[in-house]
Amino acid sequence: MPDRAGMIDLRSDTVTRPTPAMRRAMAEAEVGDDVYGEDPTVTALEERVAELLGHEAALFTPTGSMANVLAVRSVVAPGQEVLCEERAHIARAELGAHGAHSGITMRTWHAPDGRLPLERVQDLFAPDLGPYFVPTAAVAVENTHNFAGGAVVPLEQLESLRAWADEVGTRVHVDGARIWNAHVATGVPLATYGGLADVMAVCLSKGLGAPVGSLMIGSVDAVAEARVRRKRMGGGMRQVGVLAAAGLHALEHHLERLADDHEHARLLAEACGVDPAGVDTNIVVVATDDSAAFVARAAEAGVLVGAVGPRTARLVTHLDVDRATAEKAAAVLAGLR
């Protein structure tokens, strides 16, 4: 295992460690057997998140990928398809789980800025034409869009998608792993975002800084079915309130501070020659001639960044990167240009 002591880690916002206060909340959590539905802290978290997003129910899962698989499966049956942007997390970073576990296919649109061009979605949409073609059952939107540099999907685009989806009778899934960042960046209420989706997945272990945990969100019936599928996938958890407590603490104490991460990301963007005005939240995508070489040079100088393509690197700010640390990283990265 490489020694990362003293390194500034900008590879992802998943690398954070629980704060002392979060650890205390975890240690003191009231727990029960969640497979029996008897963990009060898990129940409190599920109810809190469902309320925040304006939905009936939520289901705690160990990972964001599982939450996405469960959410999409609740609106797309085996043999049907979901449409999404070509770099969406469900298409590129979940190891084919939707096909492997749910028998679902995907088709994608191209949107370099991570936004939602409705006309491209409409061009892809396939109504049910009988036993000849794969029907489109849902459209998935990622907000914020990870590989598009944490881009926020504009509210008016989401509203247009919702109106069209209702018109044609298709469903909408929002991969809201970083919906918290979109909320803080725009001021759009979480319930407004939630009201535009049939189902959602949200993550607690990215910008919010919890060590583990995501939630699938939807109707009471959708969540009840997802609970069965979660168990079938090996996701039944026992005294998991110790983890749910971290999520509750994060929602209470780490939500509004995401604005600091966004400010630090713009600082890093400027250092890397990226227009900070184009950085919506906490992710900076840097174009390089050779991303592997850029990553290696940054590491030699004490900054860990990630390669997300042969000529693309990614920097992500988070709870463990304060202003002074961001300024130090910016100085290092500016020297690599």
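Residues numbered from 1 in each chain as written. Predicted model: local features only at pLDDT ≥ 70, side-chain atom pairs only at ≥ 80, totals over all residues. Heavy atoms only, no water.

Undergrad: Please give an account of the overall build of the protein that cites residues and values.
TA: Of the regular secondary structure elements, the protein holds 14 helices and 12 strands. Computed over C-alpha atoms, the radius of gyration of the protein comes to 20 Å, within 12% of the 20 Å expected from 2.2 N^0.38 for 337 residues, which places it in the range of a compact globule. Viewed in the frame of its principal axes, the protein has a C-alpha envelope of about 60 × 50 × 35 Å. Across the 337 residues that make up the protein, the buried fraction comes to 54%. Look at the contacts in the protein between residues 6 or more apart in sequence, and 74% of them connect residues 24 or more apart. (Helix = DSSP H or I, 4+ residues; strand = E, 2+ residues; numbered from the N terminus. Rg over C-alpha atoms; globule rule 2.2 N^0.38 Å. Buried < 20%, exposed > 50% of the residue type's maximum accessible area, 1.4 Å probe, protein only. Contact = heavy atoms within 4.5 Å.)

Undergrad: Residues and numbers for the pattern of salt bridges, please.
TA: Tallying each qualifying case throughout the model produces 16 salt bridges. Note that Arg178 and Asp13 form a salt bridge whose closest N and O atoms lie 2.8 Å from each other. Remark: Asp13 occurs in the loop between β1 (8-9) and α1 (20-27) and Arg178 occurs in the loop between β6 (171-176) and α8 (179-186); sequence separation between them is 165 residues. Across this residue pair, the class does not change: Arg178 and Asp13 are buried. Glu225 is paired through a salt bridge with Arg229; the nearest N and O atoms lie 3.8 Å apart. You can see Glu225 and its partner Arg229 sitting in helix α10 (residues 220-232), 4 residues apart, about one turn around the helix. According to the relative accessible area criterion, Glu225 is partly exposed, its value standing at 43%. The class for Arg229 is buried, based on a relative accessible area of 18%. Counted as one network, the salt bridges with shared partners bring together Arg162, Asp166, Arg171 and Asp198. (Salt bridge = Lys/Arg side-chain N within 4 Å of Asp/Glu carboxyl O.)

Undergrad: Requested: an account of the nonpolar core, with residues and values cited.
TA: One finds Trp180 and Leu204 to be the most contacted residues of the largest nonpolar core, which totals 52 residues. A per-element tally of this core places helix α2 (residues 40-53) first, with 6 residues. (Core = buried A, V, L, I, M, F, W, Y, C linked by side-chain atoms within 4.5 Å.)

Undergrad: I'd like a rundown of the pairing of strand β3 (residues 81-85), residues and numbers included.
TA: Summarising burial for β3: 5 of the 5 residues are buried, a large majority. Relative to strand β4 (residues 105-109), β3 runs parallel, the two sharing 5 bridges. Counted as the bridge partner of Glu81 is Thr105 from β4. Pairing of β3 with strand β5 (residues 136-142), which is carried by 3 bridges, proceeds in the parallel orientation. Across the sheet, residue Leu83 finds its bridge partner in β5, namely Val139. (Pairing = 2+ DSSP bridges.)

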